[in-house]
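Listed below, chain by chain, are the residues.
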Amino acid sequence: MRVLCVAEKPSIAKSITQILSGGQYTTSNSANRYIKNYEFDYPQLNAHFTVTSVVGHLFGYDFGPQYKNWSSCDPFVLFDVPVEHKVAEDKQTVASNLKRLAPSHQELVIWTDCDREGENIGSEVATVCRSGNPRIRIRRARFSAIIAGQIHRAAQNTVELDMRQAASVEARSIIDLRVGATITRMQTLGLQRLVPQLKDQKLMSYGPCQFPTLGFVVSRYEQVKSFVPETFWFIYLSLARDPRNEEDQTEFTWRRGRLFDLDIALVLYEFVLENVMATVTKVTKKNVKKWKPLPLTTVELQKSGSRLLRMAPKKILDVAEKLYQDGFLSYPRTETDIFDPQFDHAALIAKQVVDPAWGGFATGLQQDGYAPPRRGKKDDHAHPPIHPTAHAGNLNGDAKRVYEFVTRRYLACCSKDAEGFETTVDIVSGGEDFYATGRFFSEPDLVGLVVLARNYLDVYPYDKWGDKALPDFEEGQQFMPSVCELRDGQTSQPNLLTEADLVGLMDKNGIGTDATIAQHIQTIIDREYVVARKEGAVTYLVPSNLGIGLVEGYSRIGFERSLSKPQLRRETERMMVQVCNGTKTKAEMIDESVEQYKHVFVLARNNFNRIVEESRRSPH
DNA sequence: GCAAGGTC
């Protein structure tokens, strides 16, 4: 029997081949430059295997040519006209490779990622293969990690393709196209016609992900703008053990924190002054841990990368993609923050011992520094957390910095939590409670044998856990504070959104996926809805007048679930789950969603003057 | 000239 195996991407086809063939296989080129076809015998099934791949989706949806021209029709009709489902122009070579291979095989085994998109890509692969060989038997391999045992088990225990999951993706694709096209055309044409400043603005797109993304930026901007500082008061108390040394001050924090009522603060302060001699009520000493980081997901890479490496999320993902293609990093698009229990950490750590910067640390992990990585809560059942797959010694610039971050993060995951020693001193002065906290990695010799360790912090300089010395205090000890003042301060205004903040918000609200979040941010910048403003080391996102105008305009119309809020997208997500469960059909999902958006569209068009007003308010 | 999803 001849079996045709098709993976979602070339790298997976290669890994599967290496595992199933035991290293004995032949390679040939396909019509597509990225795709190779591998062949070998698989005696366990008494079969000859051909393994190849696609490069993501094969098909795309679009309107027919008669609707291409924006003036050809009222945008509203795009809610209902038929959509074409065709192999995308740039995927013709991918499809022709499958179609050519199908006739010489009796069985097709689909090895796409085990998620909704993977199921959908699998159904596309099946369609193309069937067009080359109508009688080909179609099966699906289920695997959640590229680990030999799992891959063999998947090959020998194939299942059915899940057509419900595939259908849920089709429904979402069609809805996104219809909604995106109608609102984009209406909005762009309307604003160009009615707002003089915008007549040359090329494209003012609407998308179910880009608008909620813009909404987050505008909403933070409004918070910053409407912020009114408040004054608060607190009692500041400190002790100088050596009154001649101004540096040697132990500052105590008032247990009440901040008070926003001056009268009350004054009364309490006067109580304290009447009896200011302080008494130490308690000295607490305890061992404390700072947890090592979780295994790295794409979203985390982008958040911490943009914060620590000061690169745009999109840039980080591009660099990581290149490192993956060069064989230095594992697949960079993953939601998983749990390593498979069978994952071979020893082999990966061994590859890093040669590094001049962290090789010594890796050697330490090989001796007794190793501890199994923490287990997060997310598993996409398709890819492991991001980790280095080979040592890279010759990188430069951004590639070097991203590789270093991923590698240090990985080694930190395989290390131990940092251990410190914390002392808290509680005092009472004039009936009010104060405290001071100090922390050490190594306790001064008093107790002698407690050895505390920085552990993962030695390889992960991105986390800070500073030493803060505290002089010795004893319970019952009394002292006269060197300073005791009623001080005031003001609440500070919130910061504008950073790219890292925005990635986090989108992830939390289900806007976009690990692979697309950075693109959506880039889109709202490209559309000039938002400007990325660099202030020192941090990049803040500031909405433009156009961006603010659009969001304000739509919310003025008073949509129950505004177009720039995440609820509508969440509803789409919920319906996809229902289609996957079988509690809703694809057609029902499309109908319901389109009805809802038709309503929104009509309301928006009838009240378009409000959007125009908001967009006109200031020059762009 | 429209979307978002995959991958390169």
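Owing to the predicted nature of the structure, the values given are computational and were not obtained by experimental measurement.

In this section: the overall build of chain A. Per the secondary structure count, chain A includes 18 helices and 18 strands. Counting only C-alpha atoms and orienting by the principal axes, one finds that chain A spans roughly 95 × 70 × 45 Å. For chain A, buried positions account for 51% of its 620 residues. Carbon and sulfur atoms form 49% of the exposed surface of chain A, whose accessible area is close to 29600 Å². Taken together, the 77 basic and 78 acidic charged side chains of chain A have centroids lying 7 Å from each other.

Let us now look at the pattern of salt bridges. Applying the stated criterion across every chain, the model contains 33 salt bridges. Here Glu222 and Lys225 are joined by a salt bridge, their closest N and O atoms 4.0 Å apart. Placement of the pair is Glu222 and Lys225 together in helix H6 (residues 210-225), with a separation of three residues, close to one helical turn. Accessibility expressed as a relative area gives 23% for Glu222, which makes it partly exposed. A salt bridge links Asp326 to Lys322, with the shortest nitrogen-to-oxygen separation between them at 2.8 Å. Look at Asp326 and you get partly exposed, because its relative accessible area is 41%. Among the ionic contacts, a cluster of salt bridges with common partners joins Glu117, Arg172, Asp176 and Arg569.

Around DNA strand B, a shell composed of 44 residues is seen, among which Tyr34, Lys91, Arg185, Tyr331 and Thr513 lie nearest. The protein-proximal atoms of DNA strand B, defined as those within 4 Å of the protein, are 65% sugar or phosphate. Take His57: an N or O atom from its main chain is 3.1 Å from a base nitrogen of DNA strand B. Here a phosphate oxygen of DNA strand B and a side-chain polar atom of Arg333 are 3.1 Å apart. Listing elements by their share of the surface near DNA strand B, those giving two or more residues are strand S5 (59-63), helix H5 (163-194) and helix H9 (313-325).

Within the largest apolar cluster, 60 residues are counted, with the highest numbers of intra-cluster contacts made by Ile183, Leu191 and Tyr529. A domain split of this core shows at least three residues from each of domain 1 (2-161) and domain 2 (167-226 + 496-616). Not counting residues within four places of it along the chain, the set of residues in contact with Ile183 comprises Tyr206, Tyr554, Leu563, Tyr597 and Phe601. Of all hydrophobic cores here, the second largest spans 36 residues; its members include Leu301, Leu323, Trp358 and Phe405.

Assigned domains within chain A: domain 1 (2-161), domain 2 (167-226 + 496-616), domain 3 (231-291 + 418-490) and domain 4 (298-413). With 21 residues of domain 1 at the contact, the number on the domain 2 side is 27 residues. Summed over both partners, the interface of domain 1 with domain 2 buries about 2100 Å², with 65% contributed by carbon and sulfur atoms. Viewed at the interface, domain 2 and domain 1 are joined by four salt bridges. A salt bridge links Arg116 to Glu573; the nearest nitrogen and oxygen atoms lie 3.2 Å apart. Scanning the region where domain 1 abuts domain 2 turns up eight residue pairs in polar contact (both at pLDDT 80 or more). By residue class, the composition of the side of domain 1 that touches domain 2 is 12 nonpolar, three polar and six charged.

Under the defined criterion, the tally for this structure stands at one cavity of 30 Å³ or more. For the largest cavity, the calculated volume is near 30 Å³. Those elements giving two or more residues to the lining of the largest cavity turn out to be H9 and helix H14 (517-526). Element by element, the count of residues in the lining of the largest cavity is highest for H14, at four residues. Of the residues that constitute the lining of the largest cavity, the class distribution is five nonpolar, one polar and two charged. Taken together, domain 2 (167-226 + 496-616) and domain 4 (298-413) each give at least three residues to the lining of the largest cavity, which thus spans both.

With that settled, consider a nonpolar patch on the surface. There is a patch of nonpolar side chains on the surface, built from Trp70, Leu189 and Leu203 and spanning about 220 Å² of accessible area. Among the structural elements, Leu203 can be located in the loop between H5 and H6. Leu203 gets classed as partly exposed once you look at its relative accessible area, which sits at 31%.

Our focus in this paragraph is the sheet that holds strand S17 (residues 530-535). A sheet is described by the order of its strands in space; here three strands give the open sequence S16-S18-S17, paired in antiparallel fashion. Looking at strand neighbours, the two that pair on one side only are strand S16 (497-498) and S17, the edges of this open sheet. In terms of strand pairing, S16 meets strand S18 (residues 538-543) through two bridges, oriented antiparallel. Counterpart to Thr498 in the pairing with S18 is Tyr540.

UniProt feature "domain: Toprim" (unreviewed entry): in the numbering of this structure it lies at residues 2-144. In residues 2-144, the share of helix is 27% and the share of strand is 30%. The end C-alpha atoms are 25 Å apart.

For the rest of this paragraph, the subject is the packing of H6 against helix H15 (residues 545-557). Interhelical geometry of H6 versus H15 gives an angle of 100° and a closest axis separation of 10 Å. Between H6 and H15, the angle is such that the two are roughly perpendicular. When H6 is examined against H15, the residues Phe211, Leu214, Gly215, Val218, Tyr221 and Glu222 are found in contact with a partner set consisting of Gly547, Ile548, Leu550, Val551, Glu552 and Tyr554. For the contact of H6 with H15, a count of residues per class yields eight nonpolar, two polar and two charged.

Rules used in this analysis
Residues numbered from 1 in each chain as written. Chains lettered and ligands numbered in written order. Predicted model: local features only at pLDDT ≥ 70, side-chain atom pairs only at ≥ 80, totals over all residues. Heavy atoms only, no water. Helix = DSSP H or I, 4+ residues; strand = E, 2+ residues; numbered from the N terminus. Buried < 20%, exposed > 50% of the residue type's maximum accessible area, 1.4 Å probe, protein only. Areas by Shrake-Rupley, 256 points an atom, 1.4 Å probe, with all protein chains shown as cover. Lys, Arg positive; Asp, Glu negative; His and termini not counted. Charge placed at Lys NZ, Arg CZ, Asp CG, Glu CD. Salt bridge = Lys/Arg side-chain N within 4 Å of Asp/Glu carboxyl O. Near = heavy atom within 4 Å. Polar contact = N/O pair within 3.5 Å; in protein donor to acceptor, adjacent residues only side chain to side chain. Core = buried A, V, L, I, M, F, W, Y, C linked by side-chain atoms within 4.5 Å. Domains from an automatic or database assignment. Contact = heavy atoms within 4.5 Å. Buried area = accessible area lost by both parts, 1.4 Å probe. Nonpolar A, V, L, I, M, F, W, Y, C, P; charged D, E, K, R; others polar. 1 Å grid on protein atoms, 1.4 Å probe; cavity = no way out; pocket = protein on both sides within 12 Å on 5 of 7 lines; lining within 4 Å. Points joined across faces, edges and corners; volume = space filled by probe spheres on them. Patch = residues over 30% accessible without salt bridge, like charges linked within 9 Å, V, L, I, M, F, W, Y side chains within 5 Å. Pairing = 2+ DSSP bridges. UniProt positions renumbered as here; feature names shortened; annotations may be inferred. Axes fitted to C-alpha atoms, helices over the stretch in contact; angles between N-to-C directions. Parallel < 35°, antiparallel > 145°, perpendicular 65-115°, else oblique.

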